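Residue-level structural notes
Below are the chains, spelled out letter by letter.
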Amino acid sequence: MLSQNLKTIRKSKGLSQQELAVKLNVVRQTISKWEQGLSVPDSEMLISISEVLETPVSILLGENVVLPEADTLKAISEKLEVINLQMAQKKNTRRKIIHWSLIGLCAIIMAIFVVLYFWKSPYQAWNYADPETAVLGVAFHSLEWLFVRVAPLAFVGAIIGIVLTRKKS
């Protein structure tokens, strides 16, 4: 009786063997042995089990525990509702992070364009006879050239992303 009742009540409370073992300060194998009927807890442990499972000792030792079907369905529906709310909240948070990241990307692209506009490529007036200056000048020119070609595409993509991730009213 105890083994079956312990297992039924533990599962109805949504506890795994490991979780119950942690609450009782025993190893999981002890819970498994109790549920298989290979051993029984002492009287002090029975009291601890009844407190953790919020069930009288007489129920643990007495007749088989049968959970009503309606309560099980109600508990499942409540858990599903909580899970759905958590998933919706996580999705909304992810959407906000992406939305604001794209806005930040647009701001960075615009700031770099402003800097490049006012900078007026001073490296073009450098003396390229010196090899180190030539390499540095070519590197600056390559980066600027690449940015001017790629940034507008990234900017348009970010704008489209901002529109797609905006909060729907």
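Before going into details, it helps to say that this report is about the structure given with it. (Residues numbered from 1 in each chain as written. Predicted model: local features only at pLDDT ≥ 70, side-chain atom pairs only at ≥ 80, totals over all residues. Heavy atoms only, no water.)

1. Observations concerning helix H1 (residues 2-12)
The complete set of buried residues in H1 reads Leu2, Ser3, Asn5, Leu6, Thr8, Ile9 and Arg10. Residues of H1 that are buried in the fold lie against helix H2 (17-24), helix H3 (28-36), helix H4 (43-53) and helix H5 (57-61). Note on H1: the residue one or two positions beyond its end, Gly14, has a positive phi of about 75°. (Buried < 20%, exposed > 50% of the residue type's maximum accessible area, 1.4 Å probe, protein only. Helix = DSSP H or I, 4+ residues; strand = E, 2+ residues; numbered from the N terminus. Contact = heavy atoms within 4.5 Å.)

2. Examining a positive patch on the surface
A surface patch of like charges, here positive, comprises Lys90, Lys91, Arg94, Arg166 and Lys168. With respect to the helices and strands, Arg94 occurs in helix H6 (residues 69-119). (Patch = residues over 30% accessible without salt bridge, like charges linked within 9 Å, V, L, I, M, F, W, Y side chains within 5 Å. Areas by Shrake-Rupley, 256 points an atom, 1.4 Å probe, with all protein chains shown as cover. Salt bridge = Lys/Arg side-chain N within 4 Å of Asp/Glu carboxyl O. Lys, Arg positive; Asp, Glu negative; His and termini not counted. Charge placed at Lys NZ, Arg CZ, Asp CG, Glu CD.)

3. Quick notes on the environment of Trp34
Tracing the backbone through its elements, the reader meets Trp34 in helix H3. Classification of Trp34 by relative accessible area gives buried; the value is 5%. Separated by 106 residues in the primary sequence, Trp34 and Phe140 have C-alpha atoms spaced 73 Å apart. With residues up to four places along the chain from it excluded, the contact list for Trp34 reads Ser3, Leu6, Leu24, Ser39, Val40, Pro41, Met45 and Ile49.

4. A look at the pattern of salt bridges
For the structure on display, the rule yields 2 salt bridges. Taking the shortest distance from any N to any O, the salt bridge between Arg10 and Glu35 comes out at 2.4 Å. Of the two residues, Arg10 sits in helix H1 while Glu35 sits in helix H3, which places them 25 residues apart along the sequence. In terms of burial, Arg10 and Glu35 fall into one category: buried.

5. Points about the packing of H2 against H3
Running from amino to carboxyl end, H2 crosses H3 at an angle of 110°, the nearest separation of the two axes being 8 Å. Between H2 and H3, the angle is such that the two are roughly perpendicular. At the point where H2 passes H3, the crossing takes the right-handed sense. For the pair H2 and H3, the contacting residues are Gln17, Gln18, Leu20, Ala21 and Leu24 in the first and Arg28, Ile31, Ser32, Trp34 and Glu35 in the second. The residue inventory of the contact of H2 with H3, partitioned by class, reads 5 nonpolar, 3 polar and 2 charged. (Axes fitted to C-alpha atoms, helices over the stretch in contact; angles between N-to-C directions. Parallel < 35°, antiparallel > 145°, perpendicular 65-115°, else oblique. Left-handed = near helix turned anticlockwise from the far one by under 90°. Nonpolar A, V, L, I, M, F, W, Y, C, P; charged D, E, K, R; others polar.)

6. Structural notes on H3
Taken as a whole, H3 has its buried residues at Ile31, Ser32, Trp34 and Glu35. Buried residues along H3 cover an arc of 160° about the axis, so they all sit on one side. Once H3 finishes, Gly37 follows within two positions and takes phi at roughly 80°, a positive value. (Arc of directions from axis to C-beta.)

Treat this as a map of the structure, not an account of what it does.
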